[in-house]
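Here is what each chain is made of, one letter per residue.
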Amino acid sequence: MEKAYEPQDVEARRYAEWEAGGYFHAEPAPGKPKYSIAIPPPNVTGTLHMGHALNHAVQDALGRWHRMQGDTVLILPGMDHAGIATQTVVSRQLEKEGLTRFDLGREKFVERVWAWKEEYGSRILVQLKRLGCSYDWQRLRFTMDPEYVEAVLEAFVRFFDAGLIYRGKRMVNWSVGLQTVISDIEVENIETDGSLWHINYPFADGSGFVTVATTRPETLMGDTAVAVNPADPRYSDQIGKMLRLPLTDREIPLIADDYASMEFGTGAVKITPAHDPNDYEVGLRHNLEQISVIGFDGKMTAEAGVRYAGWDRFEARDLIVGDLEAAGVLEKIERYKHSIPHCDRSKTVIEPLLSEQWFMKQAGTELVAKSTAIVSDGGIDFAPSRYAKTYVDWMDGIRDWALSRQLWWGHRIPIYYKSDGSYVAARNWDEAVQRAGTDELTQDEDVLDTWFSSALWPFATLGWPHQTADLAYFYPTDFLTTAGEILRLWVARMVMTGLEFTGEKPFSDVYIHATVLDKKGRRMQKSIGNGIDPVEMIDKYGADALRFSLLRLASKGQDIKFSEERIPESRNFGNKLWNAARFVLLNLEEPNPGVTADPGATAPDSPGGKDEEATLTPPSLLGKGAGGLGSSLPERWIQSRLQRTITAVNSALASYDMDDACAALYDFQWNEYCDWFVELSKPALQGEDGPAKESARRVLLSVLDTTLRLLHPIMPFVTEEIWSNLPGKTGSICVAPYPVADESLLDPAAEAGMTLVIGSITALRGLRAEFTPGGPEHEAARAAILARRFRVIVVPEGEQAVDTLRALLPSLVSLARLGEVTLANAAPTDAKYVSVGVAGASYYVPASELLEGIDPAKESVRLVGEIAKLDKELAAVSGRLNNPGFVSKAAPEAVEKARQDVADLTERRGKLEARRGLL
């Protein structure tokens, strides 16, 4: 193994070997357990962002885990054609050439999009390989491939024939910039400093007026009512009266509806059914007229009146506000911050409009009922579980689905019109002619919502509508990970289509991954420059470091505050593993005369590391498992701790607690194996006791092997590189057996004994650090105390502690840097000693040795200064706790933290006073 791990030298080579070895490819294996995932298909226009990196790290870790358990694992990759996004990208290219899509025509434009896709569309797939994703690239799918198009057409015609698809006029999100309907996910709500206009609507009988607050005075001409809450006492005797609509000669009613909030403004709200989705629903309930005063081009229509027709909607706003003021009905204007929906592609303000579109029936259908029941009855599990309620609540209030988009790139709606305006749905031209009884047909110009084709993803990628071997074996899939924001747009619709067309749920478990925020808790956005490019992080730190950094923060239900500063720690974790492995392997080799192990092979920052000479006899190390190999206390301890770690990691992965899996792996590998067991093995490796040396080697290697396999799903590259260097290894770690705990190796007595030893060493090191003076004036004394081996009197508590300390006395002396050690039955009484205690033993060090070389006067002055600083901090924290307002109003965790701070500061102050007393 090289001295240092260089991910740039390893990752591309190892990934190519995995692909060449066919480790990621899966074929149906009836009778053998399977685990299948159809990845959320990224947009063909996409590039990897941190949300993608987390999503794919999760599903790849789970896939690798199951593959190592012996399951037939299929992680099926693919891309979505992303109708709006892709058409926008290509349209912008044309703009640079002075062209529009209309200059090319539909056929040539679509050809241009395909050419763009072939040149640029695989970028994100290459990036997923950089991340280490073990996907079956032989099965790559695209939502515009011929086989997939067949599935989309089949689904549409079946829904149409079942009476679920219809043409109608309903409220849609209209992108003025793109001139198409867009889905909710393509709407970006932007907090904006705007205005709230308060307008007086006079009663027709002259008895007064009602003041209405609105953010959209430009839609006033489309008002057909003013609504108040039926429980609002301010209007109880006025409901039903007529109001004069300002700037018009129309009268509109004052109606009662629960939609009106008594807390907003005056409690009265203007109702414009043609330009607001909530007003639209109110209008349906009260049978109100729908007046469209803004057109698809964003300009005022003739319905807005001669004065305003043809004006841009926002220019018309200023004109209307001026006219309201001139008419004396503008009560006031106040500044108002509110959220305004924008098209995320064109960045223009969304206009809710009534539009003639193709819709799919949702509310009240059997399709929705059974798709709701399977979740409410627990047939599909959600993690976090609260998302099941989110799903069911949305399904209970679901609205019909707008299917059509005014685009050219996508699945063209398979509706064919006859000359009389009637139409048929058909899978192809021949079927259309047969169904229509004529070949004088014109196909609908619109394309389907991208989410319609995506809704078929779990089964269409496996060959549906044909009954393929893949579909029979891999479907239903086992797991889906996705973002919460597309729970309704995608997850719910996959459940609907899966149940409708296959009779089975599309997946068993749905994991809603966290949102990756910046360290200030803000969404990562290009507009504010706070994004982190995952590929740059991979280039800089390696894929394993990025994966581990994300997964160790992936707590279910919690968003992630992430920054680049988190990644070096994960890189260091990989480096520590690498260095520990080098140390182990170097101690298995027969050295050349005079050659010693490289100091870099010692785990970084591990206690007491020094150059070790490689041992002579390379035994047959992997003939047995770890079981029964260890006879020393540290060997029994590390094997017991390993079994507990195996149990913890398997349990965490099974419950999708990725952070808990990472925490267990980190704590075991860094702290228990590298920092303690490697160091505690050195006396045996350096000694002359052949059986002890052999045992240490066996356990070091066996635990390393098991740990590598345990960690592989999360950090695949470094574990593969190390594992391939272990004696006797062939093939790949990615198909090596995943560890299962052996309860026979659990050894509570060994764990208790090592708790005493580790606690003792830690406490004695802490005592040394506590008495190590700071400041340049104590440089010589500081160096002396760090090098000094203290005399120690040990008072164990019980025979078991005596036996443990006797057995590991060499390690205690070496790692705590002790001199003479005396085991005693009682504490010393004849001189000044400084004591430190742990559960099972107390240690006494002569104060003279701790203070040797320190100038008492200078140290006393320094300690007085330190105590004064602590007193100041104590006063501040205690002052907060003594303030009844803080204790009663602050968050409970803030109060508890303040109390803990007081306890910690008081303890630190006591120790400093004690040290002064020794001077």
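See the structure above.
Calculation notes
Residues numbered from 1 in each chain as written. Predicted model: local features only at pLDDT ≥ 70, side-chain atom pairs only at ≥ 80, totals over all residues. Heavy atoms only, no water. Helix = DSSP H or I, 4+ residues; strand = E, 2+ residues; numbered from the N terminus. Buried < 20%, exposed > 50% of the residue type's maximum accessible area, 1.4 Å probe, protein only. Contact = heavy atoms within 4.5 Å. Lys, Arg positive; Asp, Glu negative; His and termini not counted. Charge placed at Lys NZ, Arg CZ, Asp CG, Glu CD. Salt bridge = Lys/Arg side-chain N within 4 Å of Asp/Glu carboxyl O. Core = buried A, V, L, I, M, F, W, Y, C linked by side-chain atoms within 4.5 Å. Phe/Tyr/Trp six-rings, centres within 6.5 Å; stacked < 30°, edge-to-face > 60°. Lys NZ or Arg CZ within 6 Å of the ring centre and 35° of its normal. Polar contact = N/O pair within 3.5 Å; in protein donor to acceptor, adjacent residues only side chain to side chain. Pairing = 2+ DSSP bridges. Axes fitted to C-alpha atoms, helices over the stretch in contact; angles between N-to-C directions. Parallel < 35°, antiparallel > 145°, perpendicular 65-115°, else oblique. Left-handed = near helix turned anticlockwise from the far one by under 90°. Nonpolar A, V, L, I, M, F, W, Y, C, P; charged D, E, K, R; others polar.

*Asks:* Explain the overall build of the chain residue by residue, including any values.
*Replies:* Across its full length, the chain carries 31 helices and 29 strands. By principal-axis analysis of the C-alpha atoms, the chain measures approximately 105 × 70 × 55 Å. Within the span of the chain, comprising 919 residues, buried residues form 54% of the whole. For the chain, restricting intrachain contacts to residue pairs at least 6 apart in sequence, the fraction spanning at least 24 positions comes to 77%. Counting 99 positive and 130 negative side-chain charges, the chain places the averaged centre of each group 4 Å from the other.

*Asks:* For the pattern of salt bridges, give the residues involved together with the corresponding values.
*Replies:* Under the definition given, this model contains 53 salt bridges. With a closest N to O distance of 2.9 Å, R216 and E351 form a salt bridge. Residue R216 is located in the loop between β8 (209-214) and β9 (225-228), and its partner E351 is located in strand β14 (residues 351-360); the two are separated by 135 residues in the primary sequence. In this structure R216 comes out as buried when scored by relative accessible area, which is 19%. For D393, the salt bridge identified is with K389, shortest N-O distance 2.7 Å. Of this pair, D393 and K389 both sit in helix α11 (residues 386-396), four residues apart, which is roughly one turn of that helix. According to the relative accessible area criterion, K389 is exposed, its value standing at 56%. Sharing partners across several salt bridges, the network here consists of E154, R158, D161, R427, E431 and R435.

*Asks:* Could you give me a rundown of the nonpolar core, with the residues and numbers involved?
*Replies:* If you look at the biggest cluster of nonpolar residues, it comprises 144 residues, and the most contacted ones within it are L54, L546, L551, F562, Y673, I714 and Y843. Take this core: its biggest share by element is 15 residues, from helix α21 (residues 658-686). In this structure Y673 touches A580, V584, I638, F668, V678, L700, V703 and L704, once residues within four positions along its chain are discounted. Membership of the second largest hydrophobic core comes to 61 residues, among which are V392, W457, L462 and V495.

*Asks:* Which residues make up the environment of G364, and what values do they have?
*Replies:* One can find G364 in the loop between β14 and α10 (366-376). Measuring from C-alpha to C-alpha, the distance between G364 and D396 comes to 9.0 Å, with 32 residues separating the pair along the chain.

*Asks:* Residues and numbers for the packing of aromatic side chains, please.
*Replies:* For the coordinates displayed, the defined rule picks out 38 aromatic pairs. When the centroid spacing of 4.9 Å and the interplanar angle of 45° are considered together, the rings of F479 and Y656 count as tilted. With F479 in strand β22 (residues 477-483) and Y656 in the loop between α20 (633-654) and α21, this residue pair connects regions lying 177 residues apart in the sequence. Assigned by exposure class, F479 and Y656 land together as buried. Grouping aromatic residues by their ring pairs yields a cluster made of F156, F159, F160, W358, W401, Y417, Y423, F452, F459, W464, Y475 and F501. Above the plane of the ring of W137 lies K129, whose end atom (NZ or CZ) is 5.1 Å from the centre.

*Asks:* Before we move on, could you go through the side chain of T301 and cite the residues and values that matter?
*Replies:* Locating T301 in the fold gives a position in the loop between α8 (277-286) and α9 (313-326). Looking at T301, its side chain comes within polar contact range of the main-chain oxygen of S292, at 2.8 Å. Non-local contacts of T301, meaning those with residues more than four positions away in its chain, are made with S292, V293, I294, G295 and A309.

*Asks:* Kindly report on the sheet that holds strand β16 (residues 401-402), identifying the contributing residues and their values.
*Replies:* Note: strands within a sheet are paired through backbone hydrogen bonds, in either parallel or antiparallel orientation. Strand order in the open sheet made by the four strands is β6-β5-β14-β16, with antiparallel pairing throughout. Strand pairing shows two members of the sheet lacking a second neighbour, β6 (180-182) and β16, which therefore form its edges. Pairing of β14 with β16, which is carried by two bridges, proceeds in the antiparallel orientation. Counted as the bridge partner of M360 is W401 from β16. On top of the sheet, α8 reaches β5 (165-175) and β14; it is set at about 140° to β5, its chief contact.

*Asks:* Break down the packing of helix α22 (residues 690-711) against helix α23 (residues 716-723) for me, with residues and values.
*Replies:* At their nearest, the axes of α22 and α23 sit 9 Å apart, and the two run at 150° to each other. Comparing the axis directions of α22 and α23 gives the class roughly antiparallel. Along this stretch, α22 crosses α23, giving a crossing that reads as left-handed. Only T719, I722 and W723 of α23 make contact with α22, whose side of the interface consists of D705, L708, R709 and L711. Residues belonging to the contact of α22 with α23 are distributed by class as follows: four nonpolar, one polar and two charged.

*Asks:* Tell me what's going on with the pairing of strand β7 (residues 187-202), and back it up with residues and numbers.
*Replies:* On a regular strand, one side chain projects to one face of the sheet and the next to the other, so that they alternate. Where β7 meets strand β13 (residues 330-343), 13 bridges bridge the pair, whose relative direction is antiparallel. Note that in β13 the partner of T192 across the bridge is H338. Pairing of β7 with β8 involves six bridges; the strand directions are antiparallel. Residue pairing in the sheet places W197 in a bridge with T214 of β8. Counting the residues in the hairpin turn of β7 and β8 gives six residues, including G206, whose phi is positive at 80°.

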